[in-house]
Amino acid sequence: MTATSEFSITQLTRAYGVTPRAIRHYDEFGLIRPHRNSANRRRFDAAERDRLVFILRLRRASIGLPEIRSIMRAGRSDGAAAQLARAIAVVETRLRTLEETDAKPGSVEAATQLLTALRTEMDH
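Residues numbered from 1 in each chain as written. Predicted model: local features only at pLDDT ≥ 70, side-chain atom pairs only at ≥ 80, totals over all residues. Heavy atoms only, no water.

**Structural notes on the pattern of salt bridges**
Heads up, the condition is: Criterion for a salt bridge: a side-chain nitrogen of Lys or Arg within 4 Å of a carboxyl oxygen of Asp or Glu. The way it works is that DSSP assigns letters per residue, a run of H or I at least four long becomes a helix, a run of E at least two long becomes a strand, and they are numbered from the N terminus.
For the coordinates displayed, the defined rule picks out 7 salt bridges. Glu48 is paired through a salt bridge with Arg51; the nearest N and O atoms lie 2.5 Å apart. Of this pair, Glu48 and Arg51 are both found in helix 3 (residues 46-60), 3 residues apart, which corresponds to roughly one turn of the helix. One salt-bridge network, in which partners are shared between bridges, spans Glu48, Arg51 and Arg76.

**Quick word on the nonpolar core**
Definition in use: Residues belong to a common nonpolar core when they are buried Ala, Val, Leu, Ile, Met, Phe, Trp, Tyr or Cys residues joined through side-chain atoms within 4.5 Å. The rule is simple: take the accessible area with a 1.4 Å probe, protein chains only, and divide by the maximum for that residue type; under 20% is buried, over 50% is exposed, in between is partly exposed. Throughout, a residue-residue contact means that at least one pair of heavy atoms, one from each residue, lies within 4.5 Å.
If you look at the biggest cluster of nonpolar residues, it comprises 32 residues, and the most contacted ones within it are Ile23, Tyr26, Leu58, Ile68, Val91 and Leu118. Top element by residues in this core is helix 5 (residues 80-100). It accounts for 7 residues. Residues contacting Leu58, with those up to four places away along its chain left out, are Ile63, Ile68, Ile71, Val91 and Leu114.

**Here's the deal with the environment of Ser70**
Mapping Ser70 onto the fold places it in helix 4 (residues 65-78). With relative accessibility at 23%, the residue Ser70 sits in the partly exposed group. Along the chain, Ser70 and Val90 lie 20 residues apart, while their C-alpha atoms are 9.3 Å from each other.

**Section: the packing of helix 1 (residues 9-16) against helix 2 (residues 20-28)**
Going by this rule: To get an axis, a line is fitted to the C-alpha atoms, and for a helix only the part in contact is used. The angle between two axes follows their N-to-C directions and goes from 0 to 180 degrees. The scheme is simple: roughly parallel for angles under 35 degrees, roughly antiparallel for over 145, roughly perpendicular for 65 to 115, oblique for anything else. Each crossing is labelled by how the near helix is turned from the far one, with a counterclockwise turn of less than a right angle marking it left-handed and a clockwise turn marking it right-handed.
Running from N to C, helix 1 and helix 2 point in directions that differ by 115°, and their axes come no closer than 9 Å. Between helix 1 and helix 2, the crossing angle belongs to the class labelled roughly perpendicular. In the packing of helix 1 onto helix 2, the handedness of the crossing is right-handed. For the pair helix 1 and helix 2, contact is made by Ile9, Leu12 and Thr13 and by Pro20, Ile23 and Arg24, respectively.

Right under this line is the structure:
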């Protein structure tokens, strides 16, 4: 990434391996809120970049967009602790579902790793 405090979609796609279409979809779905520059292009500050990274972590753990929306809303309305608590609850539920079905092994592993990371973050 550059030393600037704003990022383009291109910079984010290269840094995090996500498609431009996915980033635009997350914006349209209300998960992230980039601002527009004078050329009407999306620009992401560090906070929006961090939200995107969090969304990508949740998606790798097979969390759906409606659930991610509820997690992000908890953070915006009630703060970071509420967002973490909501994320933990959602990931725990999703992990149980993944373990009960014939989920891809990578999904179970990603959900387990994310849950561990969220619990660690909550404890600090």
